[in-house]
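# Remarks on the overall topology
The chain contents come next:
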Amino acid sequence: MAKPLVILSHPMPEAWLAPLKEAVRLVVGPPDVAGVDVGLQPYFAEAEGLLTWLIDPVDEALLAQMPRLKVVSNLAVGVDNIDLEACTRRGVAVGHTPGVLTEAVADMTFALLLAVARGVFPAADDARAGRWGLWRPDAWLGAELHGATLGIWGLGQIGQAVARRAHAFGMRILYTGRTPKPEAERAWGAARVPWEALLAESDFLSLHVPLTPQTRGMVGEAALRRMKPTAYLVNMARGPVVQTEALVRALQEGWIAGAALDVTDPEPLPPEHPLYRLPNCLITPHIGSATHTTRRRMAEVAVANLLAGLRGEALLYRANP
Ligand code: NAP
């Protein structure tokens, strides 16, 4: 019997794909085009599996061209690039990779929190550019994490890993979410507050919700104006949770003190974007889970999900009912 055909939207390191290569016929898309490339269209009708990245929209139009598709396996925990309802209607299982990336993303959240609070990059730029001069007691002053209030929106797996770190840093923890988290309240003294209080009371606001119709654009002008002028925003979730134009104004006009963004809207953020020119804004190119260990684990889970879906078995992690 012929091996099932699987479309991999973009190339990935050979070693990550070993278990897949034995079991399926692989067709691989180009490295530099977001989305499932139209050049792969001749294979769509036969494809039973699709391995996607978060830059690849999977919508009704694409699914309609893949009548034999059994499984979409996304190399990410977030599945906002996939029309879950359309997949469910067509009996297509959607896999994702929660858990394995939690600690790496929480580490990166703290890297950004510390870097933006202490102005690490502007200070390092000054040193490199010969602007060090004599040591002064009042130069390069930043904000302290210890004793500050961290607001977490979305106390899920990543949010909780951030809370655990924040507790060790001596921060007060507030969170907003749809469900109370009594264990987090006991372990780290986290307090659940309404959205408005989270905005008003946080010295650092860290976003860890998925991108959904409910969360999209929630951090807009009204939310940013409610924050303290001394507060910092960290976006580790998805770019469109924050309204970019409102954030530019907030940073330019001092509604908040600074922002650190691992995700932006759009992505990639074009080099001429005003956010890059703001000294109080730190931007990294969506690298939350980018460690050797974590990316390899994500690939393992994505491959396991794909193979299970092809066999009609339960996925390790399934994102749709
Ligand atoms: P998770 O465990 O599912 O946590 C998400 C949390 O957000 C939950 O506590 C969830 O439920 C809460 N939430 C608040 N409003 C929500 C809404 N309208 N719909 C659904 N959930 C809502 O997921 P995770 O593993 O922590 O990942 C969170 C997000 O981080 C991902 O979806 C992804 O977008 C992002 N992420 C980014 C990177 C990066 O590289 N920057 C890497 C990995 C993940 P409750 O409200 O009930 O608590």
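Just so it is clear, the model here is predicted, and its values are computed rather than measured.

### Some words on the overall build of the protein chain
Across its full length, the protein chain carries 12 helices and 12 strands. Since a compact globule built from 321 residues should have a radius of gyration of about 20 Å, the 21 Å found for the protein chain is in line with a globular shape. Counting only residues that meet the buried cut, the protein chain has 51% of its 321 residues in that class. Considering only intrachain contacts with a sequence separation of at least 6, the fraction spanning at least 24 residues in the protein chain is 59%.

### Here's the deal with the site of the ligand
What surrounds the ligand is a group of 27 residues, the closest being Gln-157, Ile-158, Arg-178, Thr-179 and Lys-181. Contact between the ligand and His-286: an oxygen atom at 3.4 Å from a side-chain N or O atom of the residue. Computed on the free molecule, the ligand has an accessible area of 910 Å², of which 86% lies beneath the protein chains in the complex. Here the shell around the ligand is built from residues that sort into 10 nonpolar, 13 polar and 4 charged.

### Overview of unusual backbone geometry
Omega for the bond connecting Asp-265 with Pro-266 falls within 30 degrees of zero, at 10 degrees, which places this linkage in the cis form. Of note, the bond from Glu-267 into Pro-268 is cis; its omega dihedral lies within 30 degrees of zero at -10 degrees. Even without glycine at this site, Trp-140 takes up a positive phi of about 50 degrees. Here Trp-140 shows up in the loop between helix 6 (120-128) and strand 6 (149-153). In this model, His-286 sits at a positive phi of 55 degrees, which is unusual for a non-glycine residue. Counting through the fold element by element, His-286 comes out in the loop between strand 12 (281-283) and helix 12 (292-311). For His-286, a relative accessible area of 19% translates into the label buried.

### Structural notes on the sheet that holds strand 5 (residues 93-95)
What the 5 strands build is an open sheet, ordered 2-1-3-4-5; its pairing is parallel. Strands at the two margins of the open sheet, each flanked by one partner only, are strand 2 (25-28) and strand 5. Strand-to-strand, the axes of this sheet are offset by a mean angle of 20 degrees, without reference to chain direction. As paired strands, strand 1 (residues 5-8) and strand 2 are joined by 4 bridges and run parallel to one another. Within strand 2, the residue paired with Ile-7 across the bridge is Val-27.

### A few points about the pairing of strand 7 (residues 172-176)
Regular strands show a simple pattern: their side chains alternate between the two faces of the sheet. Buried residues dominate strand 7, accounting for 4 of its 5 residues. One ladder, built from 5 bridges, connects strand 6 with strand 7; its direction is parallel. Across the sheet, the residue bridging to Trp-153 is Thr-176, located in strand 7. Read as a crossover between parallel neighbours, the route from strand 6 over helix 7 (residues 157-168) to strand 7 is right-handed. Two elements, strand 7 and strand 8 (residues 191-192), share 2 bridges in a ladder whose sense is parallel.

### Here we look at the domain arrangement of the protein chain
Size of an interface, as often reported, equals the accessible area lost when the parts are brought together. Assigned domains of the protein chain: these are domain 1 (5-100 + 293-311) and domain 2 (102-283). The C-alpha centroid of domain 2 is placed 32 Å from the C-alpha centroid of domain 1. Facing 8 residues of domain 1, the contacting portion of domain 2 comprises 5 residues. Here domain 1 and domain 2 share an interface that buries about 530 Å² over both sides, 46% of which is from carbon and sulfur atoms. Here domain 1 and domain 2 share 1 salt bridge between them. Residue Asp-80 pairs with Arg-238 through a salt bridge whose shortest N-O separation is 3.0 Å.

Definitions and limits used
Residues numbered from 1 in each chain as written. Predicted model: local features only at pLDDT ≥ 70, side-chain atom pairs only at ≥ 80, totals over all residues. Heavy atoms only, no water. Helix = DSSP H or I, 4+ residues; strand = E, 2+ residues; numbered from the N terminus. Rg over C-alpha atoms; globule rule 2.2 N^0.38 Å. Buried < 20%, exposed > 50% of the residue type's maximum accessible area, 1.4 Å probe, protein only. Contact = heavy atoms within 4.5 Å. Near = heavy atom within 4 Å. Polar contact = N/O pair within 3.5 Å; in protein donor to acceptor, adjacent residues only side chain to side chain. Areas by Shrake-Rupley, 256 points an atom, 1.4 Å probe, with all protein chains shown as cover. Nonpolar A, V, L, I, M, F, W, Y, C, P; charged D, E, K, R; others polar. Pairing = 2+ DSSP bridges. Axes fitted to C-alpha atoms, helices over the stretch in contact; angles between N-to-C directions. Right-handed = clockwise from strand over helix to strand, strands pointing away. Domains from an automatic or database assignment. Buried area = accessible area lost by both parts, 1.4 Å probe. Salt bridge = Lys/Arg side-chain N within 4 Å of Asp/Glu carboxyl O.

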